[in-house]
Amino acid sequence: MTTATTTVGRDRHVPWLFVLGFAIVFAVNGTMIWFAVGSFSGLYTPKPRDRGLHYNDVVAAQQARDTLGWRVATLWHPQSDRLELTLSDRSGAPLAGARVMVELVRPAEKRPPLGVAMAAVDAGRHEGHVALPARGNWDVDIVVERNGERFAQTQRMFLK
């Protein structure tokens with residue numbers, strides 16, 4: 001008879017073990033959600049509402065950029081921490097005499113953009129040295145200006 005009483009006493013704890021297990025799962029999930037929401041707002045631009053209101057201007061600028069036909073090829077040299085850009089026009093000829101501005105933006109972190117001083121090496125070829133604070137995914141924001149025309153492009157690169 002004592003064996004039956006001991007088994008019944010032990011069985012009363014089983015439902016509470018389920019409750020405890022679910023409480024641990026909810027606590028861990030709540031902590032993860034709190035860290036996720038608190039660490040990244042999800043906003044990439046400082047004024048997303050204004051950008052949304054001027055969306056047609058953004059589309060017009062994109063079409064103007066596409067009519068230029070300029071192309072930018074990027075190459076990262078991890079051994080020397082050097083970023084190389086090759087600029088070409090619609091026919092594939094090097095785009096000489098252009099001024100290039102480059103900023104590196106870390107998409108998953110709230111840190112200011114990292115400017116890269118680019119220098120012309122050859123016709124249509126520019127290079128810049130940058131010491132990366134962290135390796136990984138970076139958005140390379142490129143702005144090319146020549147003869148009053150402006151070309152802007154963003155490329156996602158994994159820089160290691």
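This text goes with the structure placed above it.
To start, this report covers the structure provided alongside it.

## Focus on the overall build of the chain
Next up, step 1: Within the chain, the secondary structure is distributed over four helices and eight strands.
Next up, step 2: In the chain, the succession of helices and strands from N to C terminus is α-α-α-α-β-β-β-β-β-β-β-β.
Next up, step 3: Computed over the C-alpha atoms, the radius of gyration of the chain is 27 Å, more than 25% above the 15 Å expected from 2.2 N^0.38 for a compact globule of 160 residues.
Next up, step 4: Structurally, the chain occupies a C-alpha span of about 100 × 45 × 25 Å along its principal axes.
Next up, step 5: Per-residue burial for the chain yields a buried fraction of 28% across its 160 residues.
Next up, step 6: Residue pairs at least 24 apart in sequence account for 53% of intrachain contacts in the chain once pairs closer than 6 positions are excluded.
Next up, step 7: Of the roughly 11,200 Å² of accessible surface on the chain, 61% is carried by carbon and sulfur atoms.
Next up, step 8: Taken as two groups, the 19 positive and 15 negative side-chain charges of the chain have centres that lie 7 Å from each other.

## Brief notes about the sheet that holds strand β6 (residues 125-129)
Next up, step 1: Strand order in this open sheet of four strands is β1-β2-β6-β5, and the pairing throughout is antiparallel. Strands with a single pairing partner mark the edges of an open sheet, and in this sheet they are β1 (71-77) and β5 (119-122). Strand-to-strand twist in this sheet, taken as the mean axis angle between neighbours without regard to direction, amounts to 30°.

## Some words on the nonpolar core
Next up, step 1: Among the nonpolar cores identified, the biggest contains 23 residues, and V102, L104 and V144 are the most heavily contacted of them.
Next up, step 2: Listed by contribution, the elements that provide at least two residues to this core are β1, β2 (82-88), β3 (99-105), β7 (136-146) and β8 (149-159).
Next up, step 3: At four residues, the largest contribution of residues to this core is made by β7.
Next up, step 4: Beyond its immediate stretch of four places on either side in the chain, V144 contacts W70, V72, L87, L95, A98, R99, V100, E149, R150 and F151.

## Let's talk about the pattern of salt bridges
Next up, step 1: Taken as a whole, this structure holds 11 salt bridges when the rule is applied.
Next up, step 2: D81 is the salt-bridge partner of R135, the closest N and O atoms lying 3.4 Å from each other. Of this pair, R135 sits in the loop between β6 and β7 while D81 sits in the loop between β1 and β2, placing them 54 residues apart in sequence.
Next up, step 3: According to the relative accessible area criterion, D81 is buried, its value standing at 16%.
Next up, step 4: Ionic pairing is found between R156 and D139, a salt bridge with its closest N-O pair at 2.4 Å. Of the two residues, R156 sits in strand β8 while D139 sits in strand β7, which places them 17 residues apart along the sequence.

## Regarding the environment of I33
Next up, step 1: Relative to the assigned elements, I33 resides in helix α2 (residues 14-39).
Next up, step 2: We classify I33 as exposed; its relative accessible area is 55%.
Next up, step 3: For the pair I33 and H54, spaced 21 residues apart in the sequence, the C-alpha separation amounts to 33 Å.

## Remarks on the sheet that holds β8
Next up, step 1: Strand order across the open sheet formed by four strands is β4-β3-β7-β8, with antiparallel pairing between neighbours. On the outer flanks of this sheet lie β4 (114-116) and β8, each paired with one strand and no other. Between one strand and the next, the sheet's axes are offset by a mean angle of 20°, whatever the strand orientation.
Next up, step 2: Judged from the seven bridges that link them, β3 and β7 form a sheet pairing that is antiparallel. When the sheet's bridge partners are listed, R99 is paired in β7 with E145.

Here is what the cut-offs are and how they apply
- Residues numbered from 1 in each chain as written.
- Predicted model: local features only at pLDDT ≥ 70, side-chain atom pairs only at ≥ 80, totals over all residues.
- Heavy atoms only, no water.
- Helix = DSSP H or I, 4+ residues; strand = E, 2+ residues; numbered from the N terminus.
- Rg over C-alpha atoms; globule rule 2.2 N^0.38 Å.
- Buried < 20%, exposed > 50% of the residue type's maximum accessible area, 1.4 Å probe, protein only.
- Contact = heavy atoms within 4.5 Å.
- Areas by Shrake-Rupley, 256 points an atom, 1.4 Å probe, with all protein chains shown as cover.
- Lys, Arg positive; Asp, Glu negative; His and termini not counted.
- Charge placed at Lys NZ, Arg CZ, Asp CG, Glu CD.
- Pairing = 2+ DSSP bridges.
- Axes fitted to C-alpha atoms, helices over the stretch in contact; angles between N-to-C directions.
- Core = buried A, V, L, I, M, F, W, Y, C linked by side-chain atoms within 4.5 Å.
- Salt bridge = Lys/Arg side-chain N within 4 Å of Asp/Glu carboxyl O.

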